[in-house]
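# Descriptive structure summary
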Amino acid sequence: MSVKVRIPTPLQPLTDHQPELEASGETLREVLANLEERYPGIRERLYDDGGTLRRFVNVYVNDEDIRFLKGEDTALSDGDEISIVPAIAGGGPACG
Amino acid sequence: MTGGNEQGRIARERPAARTSTGAVVVLTAAQRSQLVEHARNAYPEECCGILIGVRGNSSVVCSVHAARNREAVRTRDRYEIDPRQILKLDHAADSEGREIIGFYHSHPDHPPVPSPTDGEFAWQGYIYLIVAVTEGGETELRAWSYEEEQRRFRECPIELSDGPCSTRTGACRQSSALRR
């Protein structure tokens, strides 16, 4: 199964600065493992120490948040597009 | 919001500290006004948005896109951009040969300096513009990038340059080369 993966700017140093990659796998978990094999270090950026996808990382399969699909067990079809989207948040000092 | 006094209507950009070596951020006066007006209109709540552009020796802003603050409770000192909006703009930018180069948000009644919360969520590789805004409408804009290894922000100089994005990219690269 071949899918496209969109890589956000902060992770592109790990993928030779490629913003989009082809990857293979039957599920999202397999695709992310495939990426780690080819671009070591990417797993550490996506997963916490407990092996769970970081909460600061959003993953979409064809514009659908995987939290509303089957998470990493989401089954993929040929040509699917996976997007990794960093959480963007922050704010000023607490107002008290 | 009642609008500021005449002095307050003029956005002030503080020159970056001499020690700053962050990438230069280039934007037009119109884009600066867009950011500043968004911050004023949102006051006393925080505003946020997305910067589309191109990166070379400098980060050149091609367009500024206001985003909805997804933070529902602490809207005066927190923001979160809907990742779906980021995704949508990423596709649109990619089709034009551009990319998301960073984000902006406001600090109502606080300096335009990254807060601990900003650091908690920061990613290396993006530009973070922060607009300080007061009740009187006074604003100050500063730019930052994040260094993951040192876990600190570095200030980036802001350059104002008008003209189409493609032209500014060339001009910007040239001026960066001259600066060496």
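Presented here is a report on the structure given in the accompanying data block. Bear in mind the structure is a predicted one, so any value in this text is a computation, not a measurement. (Residues numbered from 1 in each chain as written. Chains lettered and ligands numbered in written order. Predicted model: local features only at pLDDT ≥ 70, side-chain atom pairs only at ≥ 80, totals over all residues.)

### With respect to the pairing of strand E9 (residues 152-156) of chain B
All names here are of chain B. Across 5 bridges, strand E8 (residues 139-147) lies against E9 in antiparallel orientation. The residue of E9 that forms the bridge with Glu147 is Arg152. Once E8 ends, the chain turns through 4 residues before running back antiparallel as E9, passing Arg151 with a positive phi of about 50 degrees. (Pairing = 2+ DSSP bridges. Helix = DSSP H or I, 4+ residues; strand = E, 2+ residues; numbered from the N terminus.)

### A look at the sheet that holds strand E4 (residues 64-65) of chain A
Spatially, 5 strands are ordered E2-E1-E5-E3-E4 (chain A) in an open sheet, and the strand pairing comes out mixed. In the strand order of this sheet, the two ends are held by strand E2 (20-24) and E4 of chain A, each with one partner. Bridging between strand E3 (residues 57-61) of chain A and E4(A) involves 2 bridges; their strand directions are antiparallel. Bridge pairing in E4(A) links A:Val61 to A:Glu64. Across the sheet, helix H1 (residues 28-38) of chain A touches strand E1 (2-6), E2, E3 and strand E5 (81-86) of chain A, and the angle it forms with E2(A) is around 115 degrees. Sitting on the sheet, helix H2 (residues 83-95) of chain B touches E1, E3 and E5 of chain A, and the angle it makes with E5(A) is about 120 degrees. (Contact = placed C-beta atoms within 7 Å. Axes fitted to C-alpha atoms, helices over the stretch in contact; angles between N-to-C directions.)

### Section: the interface of chain A and chain B
Taken together, the contact pairs 20 residues of chain A with 26 residues of chain B. Those elements that provide at least two residues to the side of chain A that touches chain B are E3, E5 and strand E6 (89-90) of chain A. Looking at the side of chain A that touches chain B, its residues break down into 12 nonpolar, 6 polar and 2 charged. Note: E6(A) against strand E5 (residues 79-80) of chain B, 2 bridges, orientation antiparallel. Looking at E5(B), one finds that A:Ala89 is bridged to B:Glu80. (Nonpolar A, V, L, I, M, F, W, Y, C, P; charged D, E, K, R; others polar.)

### Re unusual backbone geometry
Between B:Tyr43 and the following residue, B:Pro44, the backbone shows a cis peptide bond with an omega angle of 10 degrees. Residue placement: B:Pro44 occurs in the loop between helix H1 (29-42) and strand E3 (48-55). Non-glycine residue A:Asn62 carries a positive phi angle of around 50 degrees. Following the sequence through the fold, A:Asn62 ends up in the loop between E3 and E4. Despite not being glycine, B:Arg151 has its phi angle at roughly 50 degrees, a positive value. Examined against the element boundaries, B:Arg151 turns out to sit in the loop between E8 and E9.

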